[in-house]
Every structure is written in C-alpha cells, then in structure tokens.
Amino acid sequence: MKFFIAIGAVVLTVLIASQFVTIFVIQPIGAVPQGRTLIISRLTTLHFIDSADAWCDRTQGGVSLMCRLGVLGRVGKEASVIARLPYSQTLYEISTSGKTYDR
C-alpha cells in the first residue's frame, strides 16, 4: 500500500511541476559548446520539455540561427533559472519529437 501511495505522490508532483516549470534544453552551439539543460520557470509558449529548436520549428516552421538566438534571449530575460544541468541528448530529442538540427 505504501508503494502505491509513493507512486501516486511522485505522479502528482510531476503533474503539478509540469504546470509551473519547463525543462529547457540548449543544444551544443558556438556560444554554449557543451550544451545545457535548464529547469526554468514556465513561460506561456513553452512546453514542459522544450528547446529553442523545437519552439522555432513549431512556431516558424523551421529552425534558423536568428530564431534560436531570439528564443534563448527571451528565456534568459524572462525566465527564472531554478537549476542548471548537463546537456541531455535524450531530452533534446523529446523536445523536437526526434528531429535534429545542425548547429
């Protein structure tokens, strides 16, 4: 019984957290050669797991350097960073539905 209560608590925590935070993945690029995964406060147009490339593809129909820089600038200006983690290729691919884009 305690096991099911613990699992329920974890699921509830993830559901609540997904409404208030975003796991934002920054692909390795020139300015950030190792890449980065950030836990940030949720911005209105970001998904729970997101990246600049995914946002650009969803809203602009493709990825460009200017769009990436614009998204990164907005995140840096408007979001509060809760945690900085190493880059995760898996989370990046989740954010882009398996698509990859050149640096």
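Definitions and cut-offs
Numbering of residues begins from 1 in every chain and follows the order in which that chain's sequence is written. At least 70 in pLDDT is required for a residue's local features to be given in this predicted model, at least 80 for side-chain atom pairs to be given and counted, and no such filter applies to totals for whole chains, interfaces and linings, which use all residues. Side-chain metrics in this entry use all non-hydrogen atoms of the structure; hydrogen atoms and water are not considered. Note that a disulfide, as used here, is simply two cysteine sulfur atoms within 2.5 Å. Secondary structure follows DSSP: runs of H or I at least 4 residues long count as helices, runs of E at least 2 residues long count as strands, and numbering of each begins at the N terminus. Think of it in three bands: residues with accessible area under 20% of the maximum for their type are buried, residues over 50% are exposed, and the middle band is partly exposed, with areas taken using a 1.4 Å probe on protein chains only. Within 6.5 Å between ring centres, the rings of Phe, Tyr and Trp (the latter by its six-membered ring) count as paired, and their orientation is classed by plane angle as stacked under 30 degrees, edge-to-face over 60, tilted in between. We call two residues in contact when some of their heavy atoms are within 4.5 Å. Patch membership is restricted to residues that have no salt bridge and whose relative accessible area is over 30%. Joining uses 9 Å for like charges and 5 Å for the nonpolar side chains Val, Leu, Ile, Met, Phe, Trp and Tyr. In these tables, accessible area is a Shrake-Rupley quantity obtained with a 1.4 Å probe, and a residue counts as shielded only by the protein chains included in the view. We define a salt bridge as a side-chain nitrogen of Lys or Arg found within 4 Å of a carboxyl oxygen belonging to Asp or Glu. In this description, strands pair whenever DSSP reports at least two bridges between them. Helix axes use the C-alpha atoms of the stretch in contact, all axes being lines fitted to C-alpha atoms, and the angles between their N-to-C directions lie in the range 0 to 180 degrees.

Regarding the state of the cysteines
By the definition in use, this model includes 1 disulfide. Disulfide pairing places C56 opposite C67 at an S-S distance of 2.1 Å. Judged by the torsion about the S-S bond (-105 degrees), the C56/C67 disulfide is left-handed. Placement of the pair is C56 in helix α2 (residues 52–60) and C67 in helix α3 (residues 65–78), with a sequence separation of 11 residues. The pair C56 / C67 is uniform in exposure class, with both members buried.

Concerning the packing of aromatic side chains
Applying the stated criterion across every chain yields a total of 2 aromatic pairs. Ring geometry for F3 versus F4: centroids 5.6 Å apart, planes at 70 degrees, classification edge-to-face. Neither residue differs from the other here; F3 and F4 are each classed as exposed. Their ring planes at 45 degrees and their centres at 6.4 Å tell us that Y87 and Y92 sit as a pair that is tilted.

Side note on α2
Burial in α2 covers these residues: A52, D53, A54, W55 and C56. Each element contacted by the buried residues of α2 is listed here: β1 (21–26), β3 (49–51), α3 and α4 (89–95). Looking at the residues trailing α2, positive phi occurs at G61, about 80 degrees.

Quick word on the side chain of S95
When you line up the elements, S95 lands in helix α4. In this structure S95 touches I49, D50, S51 and A54, once residues within four positions along its chain are discounted.

Some points on a nonpolar patch on the surface
A contiguous nonpolar patch, built from F3, F4, I7, V11 and L15 and spanning about 550 Å² of accessible area, is present on the exposed surface. With respect to the secondary-structure elements, I7 resides in helix α1 (residues 2–20). I7 sits in the partly exposed class, given a relative accessible area of 41%.

Looking at the sheet that holds strand β4 (residues 81–85)
As summarised here, the arrangement of the 4 strands in space is β3-β1-β2-β4, forming an open sheet in which the pairing is mixed. This sheet does not close on itself; its edge strands, each paired only once, are β3 and β4. Strand-to-strand twist in this sheet, taken as the mean axis angle between neighbours without regard to direction, amounts to 25 degrees. As judged from the 4 bridges shared by strand β2 (residues 36–41) and β4, these two strands associate in the antiparallel manner. Note on β4: the bridge partner recorded for I39 is A83. In the packing of α1 onto the sheet, the strands contacted are β1 and β2, and the crossing angle to β1 comes to about 70 degrees.

Comments concerning unusual backbone geometry
Its identity is not glycine, yet S97 carries a phi of approximately 55 degrees, on the positive side. With respect to the helices and strands, the residue S97 is situated in the segment after α4.

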